[in-house]
Amino acid sequence: MKASEILSHVDHTLLAPTATWEEMRRTAEEALRCRAASVCVPPAYVARLRKEYGKDLNICTVIGFPLGYDTTAAKVFAAREAVENGADEIDAVINRGDVKNGDFDAVTREIAALKEAVCGKLLKIIVETCDLTEEEKIAVCRSVTAGGADFIKTSTGFGKAGATHEDIALFRAHIGPGVRMKAAGGIRTVEDMEAYLEQGCDRIGASAAVRLLEGKI
């Protein structure tokens, strides 16, 4: 697989809580130079990046990140504000407390509310697979599908583990036909990126992808 093809599926990510504006600009310029799918950044930087780069930059941001236990109303407000500030894509973390309580109707309702809030922009739902049982992952696949999300995403990258090929295989077996997959967290080799894409992932969330691939374009 060509490096340029891999990068076209990469959300070039910088979510460190101490990241500076200069680091954000460098990450954005890397994403543009390598024609990455998007640059994924904290909500506080969305408006400034949009002003700096205009429509040239596809901006992704995160909501309820990384723990997911904000109220639905807070997430909806944050998602709307992110879109108003110029975000093209929203990666939102589910409430894992609802999952552990077995309240998958609440999970579905929250996803549906977020889908309405993003006003047609892409919505990716982060489920943090490392915290879930297999049965919970399957049930969450159903909620993501029923809630109308565009993507199911494995991980925040801030949990105790990240993406696995086993979880992607499980997703593929249980999501609806309109839901795409994003693998994120702990993806640090070109071979791993290729393997996730070959499994059917449409996006890869990675901070190291550009460094690994830029010299091979």
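Just so it is clear, the structure is predicted and the values come from calculations on it, not from any experiment. (Residues numbered from 1 in each chain as written. Predicted model: local features only at pLDDT ≥ 70, side-chain atom pairs only at ≥ 80, totals over all residues. Heavy atoms only, no water.)

(A) Quick look at the state of the cysteines. Under the criterion given, the structure shown has zero disulfides. Of all cysteine sulfurs in the structure, the one in Cys60 sits closest to Cys119, which takes part in no disulfide; the separation is 16 Å. Cys201 supplies the cysteine sulfur nearest to Cys141, a cysteine that is in no disulfide, at a spacing of 12 Å. Using a relative accessible area of 0% as the deciding quantity, one classes Cys141 as buried. (Disulfide = S-S within 2.5 Å. Buried < 20%, exposed > 50% of the residue type's maximum accessible area, 1.4 Å probe, protein only.)

(B) Representation of helix H6 (residues 104-117). End to end, H6 covers 20 Å across 14 residues, agreeing with the expected 20 Å (1.5 Å per residue, within 8%). Buried within H6 we find Ala106, Val107, Thr108, Glu110, Ile111, Leu114 and Ala117. Those residues of H6 that are buried are in contact with helix H4 (72-85), strand S4 (89-93), helix H5 (96-100), strand S5 (122-126) and helix H7 (134-147). With its phi angle positive at about 55 degrees, Cys119 sits one or two positions after the end of H6. (Helix = DSSP H or I, 4+ residues; strand = E, 2+ residues; numbered from the N terminus. Expected span 1.5 Å × (residues − 1). Contact = heavy atoms within 4.5 Å.)

(C) Broad picture of the side chain of Ser38. One can find Ser38 in strand S2 (residues 38-41). Excluding residues within four positions of it along the chain, Ser38 makes contact with Val10, Asp11, His12, Ala31, Asn58, Cys60, Glu89 and Arg203.

(D) Here's a closer look at the pattern of salt bridges. Taken as a whole and judged by the stated rule, the model has 19 salt bridges. Across the pair Glu22 and Arg25 runs a salt bridge whose closest N-O atoms are separated by 3.8 Å. Placement of both Glu22 and Arg25 in helix H2 (residues 21-34) is noted, with a separation of three residues, approximately one turn of the helix. A relative accessible area of 47% places Glu22 in the partly exposed class. According to the relative accessible area criterion, Arg25 is partly exposed, its value standing at 24%. Overlapping salt bridges, with partners in common, bring together Asp11, Glu89, Asp91, Lys124, Lys153, Lys182 and Arg203 in one network. (Salt bridge = Lys/Arg side-chain N within 4 Å of Asp/Glu carboxyl O.)

(E) Local environment of the environment of Thr108. Looking at the secondary structure, you find Thr108 in helix H6. Among the residues examined, Thr108 registers a relative accessible area of 19% and is labelled buried. Once residues within four sequence positions are removed from consideration, Thr108 is found in contact with Ser143, Ala146 and Gly147.

(F) Spotlight on the sheet that holds strand S8 (residues 203-206). Ordered in space as S1-S2-S3-S4-S5-S6-S7-S8, the eight strands form a closed barrel in which the pairing is parallel. Ignoring which end each strand starts from, the neighbouring axes of this sheet average 25 degrees apart. One ladder, built from three bridges, connects strand S1 (residues 10-13) with S8; its direction is parallel. Paired with Asp11 across the strands is Gly205, a residue of S8. Running at roughly 160 degrees to S2, H2 makes contact with S1 and S2 of the sheet. (Pairing = 2+ DSSP bridges. Axes fitted to C-alpha atoms, helices over the stretch in contact; angles between N-to-C directions.)

(G) Region of interest: the packing of aromatic side chains. Applying the stated rule across the entire model yields two aromatic pairs. With a centroid separation of 6.2 Å and 15 degrees between ring planes, the pair formed by Trp21 and Tyr45 is classed as stacked. Separated by 24 residues along the polypeptide, Trp21 in helix H2 and Tyr45 in the loop between S2 and helix H3 (46-53) bring together distant segments of the chain. In terms of burial, Trp21 and Tyr45 fall into one category: buried. With a centroid separation of 5.2 Å and an interplanar angle of 85 degrees, the aromatic rings of Phe65 and Phe158 are classed as edge-to-face. Within this pair, whereas Phe65 is found in the loop between strand S3 (59-63) and H4, its partner Phe158 is found in the loop between strand S6 (151-153) and helix H8 (165-174), the two being separated by 93 residues in sequence. Classification of Phe158 as partly exposed rests on a relative accessible area of 43%. Here the guanidinium or amino end of Lys124 rests over the ring plane of Phe151, the centre of that ring lying 5.9 Å away. (Phe/Tyr/Trp six-rings, centres within 6.5 Å; stacked < 30°, edge-to-face > 60°. Lys NZ or Arg CZ within 6 Å of the ring centre and 35° of its normal.)

Nothing here speaks to function; it is geometry throughout.
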